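Single-letter residue listing:
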Amino acid sequence: MSARIIDGKAVAARVRAQVATEVAEFTAQRGGTPPGLATILVGDDAASAVYVGGKQKACAEVGIRGFDHRLPADTSREDLLALVEQLNADPEVSGVLCQLPLPGHLDGVEITNAISAAKDVDGLTIASAGRLALGMPGLRPCTPSGVIELLAEAGTELQGAECVVIGRSNLFGKPMAQLLLQHNATVTICHSRTKDLAATCRGADVLIAAVGVAHLVKGDWVKPGAVVVDVGMNRLDGKLTGDVDFAAASEVASAITPVPGGVGPTTIAFLLRNTLEAARAQAGVA
Ligand SMILES: Nc1nc(=O)c2c([nH]1)NC[C@@H]1CN(c3ccc(C(=O)N[C@@H](CCC(=O)O)C(=O)O)cc3)C=[N+]21
């Protein structure tokens, strides 16, 4: 069998086109003031710079105003918090995103939580995580939202499905599990101390890998007919590779996301959607 490849670029393009239409309407209603997204990048990690650049470019394409803040690696906690406060107070900024990971002397959880809940387009503040856990409306983390959209695109039935998420990060694994629960899936979260990872994966109808280990998931970890989502972003010999052995897994799965061109583009598309939703809520037109 050869799996259907779920085209993340196409899914993202569809979401972005819809967001662009809605952004144009919103901007016209507000007398020409578009939604705004502020990104903060501390330090000069090359991969992070590429991702933030992608986010800014995507903003421009859908009519969202980008505010691109780049700070030196030795920026103090106080200076970074002052910038976040300034962006929280700026009426032209609808959303604030601080790219993770931060340099070692800065606490990503603390800095993220300084972002006002109304502008939390990453969905990573205590307020947003709590609202998600309690099933209340709110801004959801972008990568898990993108995965739900990819699964919908693949026609995957989540109700009652055995879903295995490898990885328990605040950025992805935990919110992914919450979203799957909301869709009535049975959810298992695996991590580095999981006893028999391969056996647990073999039970999955939907297998989602987000650990950052290239080719961790082998072909024989995949249940025949399963849907495989690869959230990994690893550089292997200069090439971008996921956490799944794509060639082997696609012989067994019914559908699979590639890297690149899978989850990554949908993450950015949902960041744009969140920025629009935040702008609407701030303008009182939610
Ligand atoms: N506060 C915060 N929010 C994030 O959303 C966040 C973060 N920190 N830190 C790092 C991760 C990673 N991330 C990616 C988004 C898009 C692509 C993406 O578009 N990837 C392209 C390829 C890009 C390339 O060629 O390098 C693809 O998969 O096709 C990748 C990675 C967002 N993250």
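Here is what the cut-offs are and how they apply
Residues numbered from 1 in each chain as written. Predicted model: local features only at pLDDT ≥ 70, side-chain atom pairs only at ≥ 80, totals over all residues. Domains from an automatic or database assignment. UniProt positions renumbered as here; feature names shortened; annotations may be inferred. Helix = DSSP H or I, 4+ residues; strand = E, 2+ residues; numbered from the N terminus. Contact = placed C-beta atoms within 7 Å. Pairing = 2+ DSSP bridges. Axes fitted to C-alpha atoms, helices over the stretch in contact; angles between N-to-C directions. Parallel < 35°, antiparallel > 145°, perpendicular 65-115°, else oblique. Left-handed = near helix turned anticlockwise from the far one by under 90°. Nonpolar A, V, L, I, M, F, W, Y, C, P; charged D, E, K, R; others polar. Near = placed C-beta within 6 Å. Expected span 1.5 Å × (residues − 1). Buried ≥ 20, exposed ≤ 12 C-beta atoms within 10 Å, placed from the backbone. Arc of directions from axis to C-beta.

Draft legend 1. Expanded view of the domain arrangement of the chain. What the domain assignment lists for the chain is domain 1 (30-116) and domain 2 (142-264). A straight line from the C-alpha centre of domain 1 to that of domain 2 covers 28 Å.

Draft legend 2. A look at the UniProt feature "binding site: NADP(+)" (unreviewed entry) in the chain. Annotation from UniProt places "binding site: NADP(+)" (unreviewed entry) at Gly167, Arg168 and Ser169. Its place among the elements puts glycine 167 in the loop between strand S5 (162-166) and helix H7 (173-182). Sequence-distant contacts of glycine 167, that is, excluding residues within four places in its chain, are made with Phe172, Gly173, His191, Ala210 and Val211. Its place among the elements puts arginine 168 in the loop between S5 and H7.

Draft legend 3. Structural view of the pairing of strand S3 (residues 65-71). Bridging between strand S2 (residues 36-42) and S3 involves seven bridges; their strand directions are parallel. Residue pairing across strands places valine 42 opposite leucine 71, the latter belonging to S3.

Draft legend 4. Just the packing of helix H6 (residues 142-153) against helix H10 (residues 263-283), in detail. Contact geometry of H6 with H10 gives a least axis separation of 8 Å together with a crossing angle of 115 degrees. As the angle between them shows, H6 and H10 are arranged roughly perpendicular. At the point where H6 passes H10, the crossing takes the right-handed sense. Where H6 abuts H10, its residues Cys142, Thr143, Ser145, Gly146, Val147, Glu149 and Leu150 lie against Val263, Thr266, Thr267, Ala269, Phe270, Leu271 and Asn274. Taken together, the residues of the contact of H6 with H10 sort by class into seven nonpolar, six polar and one charged.

Draft legend 5. Structural view of the sheet that holds strand S4 (residues 95-98). One open sheet accounts for three strands, arranged S3-S2-S4; its pairing is parallel. In this open sheet, the two strands that pair with only one neighbour each are S3 and S4. Across the sheet, the axes of successive neighbouring strands diverge by a mean angle of 15 degrees, strand direction being ignored. Most of the contacts of helix H2 (residues 46-62) go to S2, to which it runs at about 170 degrees, and overall it touches S2 and S3.

Draft legend 6. Spotlight on the site of the ligand. Close contacts around the ligand come from 18 residues, with Tyr51, Leu100, Pro260, Gly264 and Thr267 the closest. Class assignment for the residues of the shell around the ligand results in twelve nonpolar, five polar and one charged. Residues from two domains meet in the shell around the ligand; each of domain 1 (30-116) and domain 2 (142-264) gives at least three.

Draft legend 7. Fine view of H2. Taking 1.5 Å of rise per residue, 17 residues should cover 24 Å, and H2 covers 25 Å from first to last C-alpha, within 8% of that figure. Inspection of H2 places Val52, Lys55, Ala58, Cys59 and Val62 among the buried residues, and these make up the whole buried set. All buried residues of H2 project into a common sector of 120 degrees when viewed along the axis, lining one side. Relative to its buried face, H2 has exposed residues pointing more than 90 degrees away, namely Ala46, Val50, Lys57 and Ala60. Check the buried side of H2 and you find it contacts helix H1 (8-29), S2, S3 and H10. Two residues or fewer past H2, glycine 63 is found with a positive phi of approximately 85 degrees.

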